[in-house]
Amino acid sequence: MSNHHLIFRETSQSRSLIRAAALGGLLPAILLAGCLADGMDADDEDADGLPGGPEEDSYLVGGVVEDMSGAGLLLTLNDQETLTLDAPGSFQFDSEIEEGESYSVTVTSAPDGEACQVDNGSGMIADQDIDDVLVSCEDFTVIGLSGQPGTVTVHQIGPGEADLLYSSDPDCDWHNLGQCADSGVIQDATAGDGDEMALELEALGVEAGTVMHFALQTDTSISAPGSGVLSAGKPISFDGNVWIEALETGEERLYVGGNFQWIGLQQSAALLVPGVDSGTSGLAINAGQDLDGIVRRAIPDGEGGWYLAGIFRAPDSDDLHMLQRLDASGRLDPDFQVTTEDSGGPVSIPANAPAPAGMPDGDLVNMGAYDAELHDGTLYLGGPFEIANGEPRAQLAAVNAETGELLSDNPGEALSPLIVSALHIHEDKLFVGGGFAHPDGFKGGLKAIDLNSGDELPDWNLTSENTGLIHHLLSDNNRLYAGGMFDEIDGVSRQNIAAIELESANVLSEADWATAVSGQVRAMANHHGRLYIGGTFHAVNGEQRMSAASVAIGDGTLDGNWDPGLYGDSIDPPTVRAIAAHDDHIYLGGHFHRLGHDGGPGPLSSTDEGNKTQGDDNGHDRHNIAVVDRVDAEPHEWRADVAGEVLDSGLVNVPVEAIGLDGDRVLLGGTLTALATDKRENLAAYDLDTGVLDPDWRPSTNGAVHELLLDGDRLFMGGPFSEVNGEDHNGMAALQASDGELVDGWQADVSGSGRPVRDMFVHEGSLYFSGRFRAVNSVDREGAAAVSVQDGSLQSWDPQISDHNNTAVAMTYHNDRIFLAGEFNEVGGQTRNNIVAVEPGGDGDVVTGWDAGDGPVASSFSQEQRLAAADGVVYVAGNIEQADGEDRDHFAAFNADNGDLEDWAPESSRRFIWALAVDGDRILAGARRITALDGRSLAAIDGDGGLDSEWTPEPDDSVSVIHVNEGRVYVGGMFSRINGESAVGFGVLDRESGELIW
């Protein structure tokens, strides 16, 4: 019997098997390793002629990859072997390195959106394998901070010096940048985590309003992309529509006057901003999406994006969506959406039931999703809808949170609601607040579903009285809290808020939980043992609280130290629709303009029942979103003032209805339309070429600006103001056009109301103007006057208009004559009916040979007339029914030489013609709303009185001023879009095509 010796020699194969044995306790693996090694020398060949194992003193290099979320990590050993890894975990190179040799592991390429670095990656091989190389990865991304006109700031998140890649293409392949539109590279743009770079519009070579997309590139990685808007900086008003009424052009600037308070970034329905701990205020993150509709709930998706529930119009189609997804780069996911349909009415309520109290008002508000909840990969939607993704759903729908596909589960079948106004999930129960069928008709109430079985929970069938809806639900470990508009739940008297035991569904009485609210409750947050409450109310537990309060969550007692002191405006009370808590801060969103009690709480300006507003002498300006301290409600300096949509009624819809928190990012949703970024009061100047706000031109007035006229370096202005740049100037002022400073020594005081100054022109050193006034510089002047261009001193020119009934007088200059129109019958002692020609200079004598007979006769002169003149014809527009005895429909024309009536007679369906301007051989007219001028608010009228069918720009609202200069038509008014494109308050059109230039 021969002796067999087990000879074990380490090779790469044997070491691998030993590791396997050590990990799995596999003795056969060790025996196999021995068999492989038995009798083999390093230079031996095996039976197949393959070389033997490596030298005994060679070793392997490996380690661990941590925190990698993507795929495609490339690691290189000694610039020779490359290893590809698609998941975190252990790794090992195949190459063996002899003892005493050096090794170096480097990252060749990281997954997109990640930055990976190596620790313990180099050294000298000793007498063992290297297994402690650590490759750690982290997010590598970029965000664009938008808001400052003409600028977007790129902010790096992640390590490493980086180049900046940019393009206007939202689908740009950053690995093939040259194929993307408006693309380029800025070398060494950022230096590491937290570094920023500001990019100017001109440097990028794109137009104002362009959404730019960015990525950062290091030697080994390309970041996740971000986006930003190169905003032009458009006017914003917090208390109604922006109204631009004056436009004037200089060599390099467009001067804009009207009624607005701020300049800002236009952003519809959803706005992502840095949170209170970021140190950044008044800028938007990854802005640029145009979401037309209302966001009512914003839920983080766990991947840096958001689910947005509400109601939205789809771009370029008639589809209505009630769920969208916003990705981490700020883009709407086109493949993730849930559609709904307009059922023709808000809710299918039985005919004998009263309408539910507390329903919102306005366009689109009675459709779509009112609330949403995310649970175990499923999104639940509730609202008044009956259809979801083309399938019947009874006011409740379940959606796959990853794909947006409608699930077969139909939770509404178990409850048969008529409307769902609130959802909340606690453990495996879905609580549903809304309106339900009842023997007495429609009743508000609260029900629940077991999410495991889909069955209704019979104990949870609670009815609320006062036909009110439950608008918000919230829970802690033991209770469900319901807020809305009701005075009783399940037979227990409650005032608009209730605490309900989760185990028994028993409603606590006021003796057990004391909170009582005077008006509807729309939002709640549970934080540090306090329940923060928002809505539209004036008292909690009998003490004054304006729409925001804090109570002890245990017994409902009012927190006497927490009172934000919200202020509304002259029309609307303050209202809070959203509350969110973060560390020591409470976010409040809704519709309000001030908060705080500096100097003491302001009094109510109306009865408690009216609940309109508190006094406005105290507190801090905060428009519709604010952050206060959780303990004492002290306002934080953080700001993200937003403006909202104005309804047809003139009221402002609630701008902020949803606040979503994700780390230090805040998603604001609602009917918001713009983020205020720069204070401007009724005046602004824009670069004529780029359309971007001039940041250094900053005059201000305390009232609207109705007229602007440039003469050399003097910009004359008129309107119902009493201060300009903080100094007393009543009705008129003169600015240095170059810098917006007041002209020293120029003073003209115009005593009038409404529109004290309407029209202006300069002639031979005098500034002529008309409007609604009775005195200039304390001297009687009726509707028309002239002052010195140099110092504003009153001139002798005085047409002596009699009995103009304090209505505005219109003016235009043509063929060395001044034409005036308004409501009057005598001028300069001569009979002239509503229109007259007077001489410039001197005393303003009436031109005796010019007489329009009966003149233009209006149904009402409360709507002022407008004048324009060209080529020997004077055009007048307004409430005109007849002219010199002949029928006319809001327009008329007179011969400029003798006053004879011309044949020119356009037709208009409405009286409100607000603007006239001559443009070559045509007259441009602007009108109120879109019911005038054959359905248009802006039209071109030819010499025969017909509408130019080839020139059809479409503002979406009223046009009140038209200015023509060098091939462009500048229009201003109350619109927000022209030809479907954003043009808030004013726009610049191509004279030939009518296309929007900027």
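Worth saying up front: this structure is predicted, and the values here are computed from it rather than measured.

Definitions and cut-offs
- Residues numbered from 1 in each chain as written.
- Predicted model: local features only at pLDDT ≥ 70, side-chain atom pairs only at ≥ 80, totals over all residues.
- Heavy atoms only, no water.
- Helix = DSSP H or I, 4+ residues; strand = E, 2+ residues; numbered from the N terminus.
- Contact = heavy atoms within 4.5 Å.
- Areas by Shrake-Rupley, 256 points an atom, 1.4 Å probe, with all protein chains shown as cover.
- Buried < 20%, exposed > 50% of the residue type's maximum accessible area, 1.4 Å probe, protein only.
- Polar contact = N/O pair within 3.5 Å; in protein donor to acceptor, adjacent residues only side chain to side chain.
- Disulfide = S-S within 2.5 Å.
- Salt bridge = Lys/Arg side-chain N within 4 Å of Asp/Glu carboxyl O.
- Pairing = 2+ DSSP bridges.
- Patch = residues over 30% accessible without salt bridge, like charges linked within 9 Å, V, L, I, M, F, W, Y side chains within 5 Å.
- Lys, Arg positive; Asp, Glu negative; His and termini not counted.
- Charge placed at Lys NZ, Arg CZ, Asp CG, Glu CD.
- Core = buried A, V, L, I, M, F, W, Y, C linked by side-chain atoms within 4.5 Å.
- Axes fitted to C-alpha atoms, helices over the stretch in contact; angles between N-to-C directions.
- Phe/Tyr/Trp six-rings, centres within 6.5 Å; stacked < 30°, edge-to-face > 60°.
- Lys NZ or Arg CZ within 6 Å of the ring centre and 35° of its normal.
- pLDDT = per-residue confidence, 0-100.

Draft legend 1. Inspection of the overall build of the protein at higher detail. If you tally the helices and strands in the protein, you get 4 helices and 85 strands. A sequence separation of at least 24 residues applies to 51% of the contacts in the protein between residues at least 6 apart. Approximately 39,500 Å² of the protein is accessible, and the part contributed by carbon and sulfur atoms is 42%.

Draft legend 2. Structural view of the environment of asparagine 506. Assignment of secondary structure puts asparagine 506 in the loop between β39 (497–501) and β40 (520–527). By relative accessible area, which is 42% here, asparagine 506 ends up partly exposed. A sequence separation of 27 residues divides asparagine 506 from arginine 479, and the C-alpha atoms of the two residues are 9.6 Å apart. Residue contacts for asparagine 506: discarding those within four places in its chain leaves Ala499, Ile500 and Glu501. Within the local environment of asparagine 506, its side chain forms a polar contact with the side chain of serine 504, the two groups lying 3.0 Å apart.

Draft legend 3. The arrangement of the environment of alanine 309 in detail. By secondary structure assignment, the location of alanine 309 is in strand β23 (residues 306–313). Each C-alpha atom of the pair alanine 309 and alanine 369 lies 5.9 Å from the other, and the pair is 60 residues apart in sequence.

Draft legend 4. Quick peek at the environment of phenylalanine 721. With respect to the element layout, phenylalanine 721 can be found in the loop between β56 (714–718) and β57 (723–724). In this structure the C-alpha to C-alpha distance between phenylalanine 721 and serine 753, which are 32 residues apart in sequence, comes to 9.7 Å. If near-sequence neighbours (up to four positions away) are discounted, phenylalanine 721 is found in contact with Thr701, Asn702, Gly703, Ala704, Val705, His729, Asn730, Gly731, Met732 and Ala733.

Draft legend 5. Geometry of the state of the cysteines. Inspection of the entire model under this criterion finds 2 disulfides. Across the disulfide from cysteine 116 sits cysteine 137; the S-S distance is 2.1 Å. The sign of the 105 degrees torsion about the S-S bond sets the cysteine 116-cysteine 137 disulfide as right-handed. Residue cysteine 116 is located in strand β6 (residues 114–119), and its partner cysteine 137 is located in strand β8 (residues 130–139); the two are separated by 21 residues in the primary sequence. As far as burial versus exposure is concerned, cysteine 116 and cysteine 137 are alike and both buried. Note on cysteine connectivity: cysteine 172 is disulfide-linked to cysteine 180, with sulfurs 2.1 Å apart.

Draft legend 6. Highlighting the pattern of salt bridges. Counted by the stated rule, this structure contains 28 salt bridges. A salt bridge links aspartate 584 to arginine 630; its shortest N-O distance comes to 3.0 Å. Of the two residues, aspartate 584 is situated in the loop between β45 (575–582) and β46 (585–591) and arginine 630 in the loop between β49 (625–629) and β50 (642–644); the sequence distance between them amounts to 46 residues. Among the salt bridges present, the one from aspartate 851 reaches arginine 832, with a minimum N-O distance of 3.8 Å.

Draft legend 7. Structural detail: the sheet that holds strand β66 (residues 801–802). On the basis of which strands lie adjacent, the open sheet formed by 3 strands has the order β66-β69-β70 and antiparallel pairing. Looking at strand neighbours, the two that pair on one side only are β66 and β70 (830–831), the edges of this open sheet. Strand direction decides the pairing type here: β66 and strand β69 (residues 826–827), joined by 2 bridges, are antiparallel. Along β69, the bridge assignment pairs serine 802 with glutamate 826.

Draft legend 8. Local environment of the pairing of strand β63 (residues 773–776). Sheet analysis places strand β60 (residues 750–752) next to β63, joined by 3 bridges and oriented antiparallel. Paired with glycine 752 across the bridge in β63 is phenylalanine 773. When β63 meets strand β64 (residues 779–780), the two strands line up antiparallel, connected through 2 bridges. Bridging across to β64, valine 776 finds its partner in valine 779.

Draft legend 9. Layout of a negative patch on the surface. A cluster of acidic side chains, namely Asp713, Glu723, Glu727, Asp728, Asp739, Glu741 and Asp744, defines a negative patch on the protein surface. Among the residues examined, glutamate 741 registers a relative accessible area of 45% and is labelled partly exposed.

Draft legend 10. Layout of the nonpolar core. Grouped together as the largest cluster of nonpolar side chains are 22 residues, with contacts concentrated most on Val61, Val65, Leu73, Leu75, Phe91, Phe93 and Val135. For this core, the secondary structure elements donating two or more residues are β1 (58–66), β2 (73–77), β3 (81–85), β4 (89–98), β5 (102–109) and β8. With 4 residues, β8 is the largest single contributor of residues to this core. Sequence-distant contacts of phenylalanine 93, defined by excluding residues within four places in its chain, comprise Leu60, Val61, Leu75, Thr76, Leu77, Glu81, Leu83 and Val105. The next biggest cluster of nonpolar side chains, apart from the first, holds 21 residues, and it includes Val229, Ala578, Ile625 and Val656.

Draft legend 11. Geometry of the sheet that holds strand β11 (residues 162–167). Reading across the sheet, the 4 strands line up as β12-β11-β14-β15 and stay open at both edges, with antiparallel pairing between neighbours. Here the strands that pair on one side only, and so sit at the sheet edges, are β12 (184–190) and β15 (226–229). Direction aside, neighbouring strands of the sheet carry axes that sit 30 degrees apart on average. With 5 bridges joining them, β11 and strand β14 (residues 211–217) adopt antiparallel strand pairing. Bridged to tyrosine 166 within β14 is phenylalanine 214.

Draft legend 12. Here's a closer look at the pairing of strand β79 (residues 922–927). Of all 6 residues in β79, 6 are buried, a share of seventy percent or more. Burial along β79 is two-sided: the face carrying Arg922, Leu924 and Gly926 and the face carrying Ile923, Ala925 and Ala927 are both buried. Two elements, strand β78 (residues 913–919) and β79, share 6 bridges in a ladder whose sense is antiparallel. Bridge pairing in β79 links alanine 915 to glycine 926. In this structure, the hairpin formed by β78 and β79 is closed by a connection of 2 residues, where glycine 920 is found at a positive phi of approximately 65 degrees. Sheet analysis places β79 next to strand β80 (residues 938–941), joined by 4 bridges and oriented antiparallel. Counted as the bridge partner of isoleucine 923 is isoleucine 941 from β80.

Draft legend 13. Inspection of the packing of aromatic side chains at higher detail. Scanning the entire structure with this criterion turns up 21 aromatic pairs. Between tyrosine 307 and phenylalanine 336, the ring centres sit 5.6 Å apart and the planes meet at 45 degrees, which makes this aromatic pair tilted. Within this pair, whereas tyrosine 307 is found in strand β23, its partner phenylalanine 336 is found in strand β25 (residues 332–340), the two being separated by 29 residues in sequence. Both residues of the pair, tyrosine 307 and phenylalanine 336, belong to the buried class. In this structure, arginine 325 is placed above the aromatic ring of phenylalanine 336, and the distance from its NZ or CZ to the ring centre is 5.6 Å. Here arginine 922 stacks its cationic end above the ring of tryptophan 951, 4.8 Å away from the centre of that ring.

Draft legend 14. The arrangement of unusual backbone geometry in detail. The phi dihedral of aspartate 188 falls on the positive side, at around 50 degrees, and the residue is not glycine. In this fold, aspartate 188 is placed in strand β12. On the basis of relative accessible area, aspartate 188 is assigned to the exposed category, the value being 60%. A positive phi angle, near 75 degrees, is found at histidine 890, a position not held by glycine. Mapped onto the elements, histidine 890 comes out in the loop between β76 (886–887) and β77 (891–895).

Draft legend 15. How the structure looks around the confidence of the model for the protein. Per-residue confidence for the protein gives a mean pLDDT of 87; residues scoring 70 or more make up 86%. Contacts for the low-pLDDT stretch residues 344–364, under 50 throughout, to residues beyond four places or in other chains number 52 contacts. Within the model, the stretch residues 599–617 combines pLDDT values under 50 with 45 contacts to residues more than four positions away or in other chains.

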